[in-house]
Amino acid sequence: PSWEPPVNIIETDESHWVVAAIPGVSADQVQVRVEAGELVITGHRPLPKCCTDGDLKVWEIPLGRFERRLRVIAGENPLFLGEVKLQEGLLIIQLRKHS
């Protein structure tokens with residue numbers, strides 16, 4: 001099983017910006033790709049090291065594998081992967097309207 005990070009999508013004249021909330025995930029634990037007309041965000045959020053020896057009593061923050069798929073078609077034209085950065089727990093992805 002996996003969980004889906006919540007996203008916001010903002011459209012500008014040049015791009016669509018996808019902002020995904022993935023706090024606790026480091027850059028080496030997330031992958032972003034465009035595949036068959038979809039933006040695919042995958043990764044893993046681990047249990048913090050402080051908590052590996054205890055018993056999990058309340059589970060409100062999803063942990064483990066995550067995946068989010070979004071169609072990346074703007075009208076009749078596909079979008080192209082541009083800038084990707086992780087900033088303060090937010091994954092910021094640019095999908096350019098033109099290559």
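Please read all numbers here as calculations on a predicted model, not as lab measurements.

S.K.: Would you mind showing me how to read the sheet that holds strand β9 (residues 90–96) here?
M.R.: Within a sheet, adjacent strands bond to each other through the backbone by hydrogen bonds, running parallel or antiparallel. Here we have four strands laid out as an open sheet, ordered β1-β2-β9-β8, and antiparallel in their pairing. Edge positions in the sheet fall to β1 (7–11) and β8 (80–87), since each of these pairs with one other strand and no more. Each neighbouring strand pair of the sheet contributes to a mean axis angle of 15 degrees, computed without reference to strand direction. Relative to strand β2 (residues 15–21), β1 runs antiparallel, the two being bridged by five bridges. Bridging across to β2, Val7 finds its partner in Ala20.

S.K.: What exactly am I supposed to notice about the pairing of strand β3 (residues 30–35) here?
M.R.: The side chains of a regular strand alternate, first on one face of the sheet and then on the other. Relative to strand β4 (residues 38–45), β3 runs antiparallel, the two being bridged by six bridges. Looking at β4, one finds that Arg33 is bridged to Val40. Counting the residues in the hairpin turn of β3 and β4 gives two residues, including Ala36, whose phi is positive at 50 degrees.

S.K.: Sorry if this is basic, but what is going on with the nonpolar core here?
M.R.: A general trend in soluble globular proteins is that nonpolar side chains are found buried together. Judged by nonpolar contacts, the single largest core of 16 residues is most densely connected at Leu39 and Ile41. Where this core is concerned, the elements lending two or more residues are β2, β4, β5 (64–71) and β9. A per-element tally of this core places β9 first, with three residues. Apart from the residues lying within four places of it in its own chain, the contact partners of Ile41 are Ala20, Val30, Gln31, Phe66, Glu67, Arg68, Leu91 and Ile93.

S.K.: Honestly, the pattern of salt bridges in this entry has me stumped. Any pointers?
M.R.: Where charged atoms of side chains with opposite charge meet at close range, the side chains can pair. Scanning all chains against the criterion turns up seven salt bridges. Between Arg69 and Glu35 there is a salt bridge whose closest N-O contact spans 3.4 Å. Residue Arg69 is located in strand β5, and its partner Glu35 is located in strand β3; the two are separated by 34 residues in the primary sequence. By relative accessible area, Arg69 is classed as partly exposed at 34%. With its nearest N and O atoms 2.8 Å apart, the salt bridge here joins Glu67 to Arg69. The network of salt bridges with common partners includes Arg33, Glu35, Glu38, Arg65, Glu67 and Arg69.

S.K.: I keep staring at the packing of aromatic side chains and nothing clicks. Help me out?
M.R.: Two numbers describe a pair of aromatic rings. These are the distance of the centres and the angle of the planes. Evaluation of the coordinates by the stated rule reveals one aromatic pair. Each ring, one from Trp3 and one from Phe66, has its centre 5.0 Å from the other, and the planes form 45 degrees; the classification is tilted. With Trp3 in the segment before β1 and Phe66 in strand β5, the pair connects residues that are 63 residues apart, well separated along the chain. The residues Trp3 and Phe66 share a single accessibility class, namely buried.

Quick notes on the rules
- Residues numbered from 1 in each chain as written.
- Predicted model: local features only at pLDDT ≥ 70, side-chain atom pairs only at ≥ 80, totals over all residues.
- Heavy atoms only, no water.
- Pairing = 2+ DSSP bridges.
- Helix = DSSP H or I, 4+ residues; strand = E, 2+ residues; numbered from the N terminus.
- Axes fitted to C-alpha atoms, helices over the stretch in contact; angles between N-to-C directions.
- Core = buried A, V, L, I, M, F, W, Y, C linked by side-chain atoms within 4.5 Å.
- Buried < 20%, exposed > 50% of the residue type's maximum accessible area, 1.4 Å probe, protein only.
- Contact = heavy atoms within 4.5 Å.
- Salt bridge = Lys/Arg side-chain N within 4 Å of Asp/Glu carboxyl O.
- Phe/Tyr/Trp six-rings, centres within 6.5 Å; stacked < 30°, edge-to-face > 60°.

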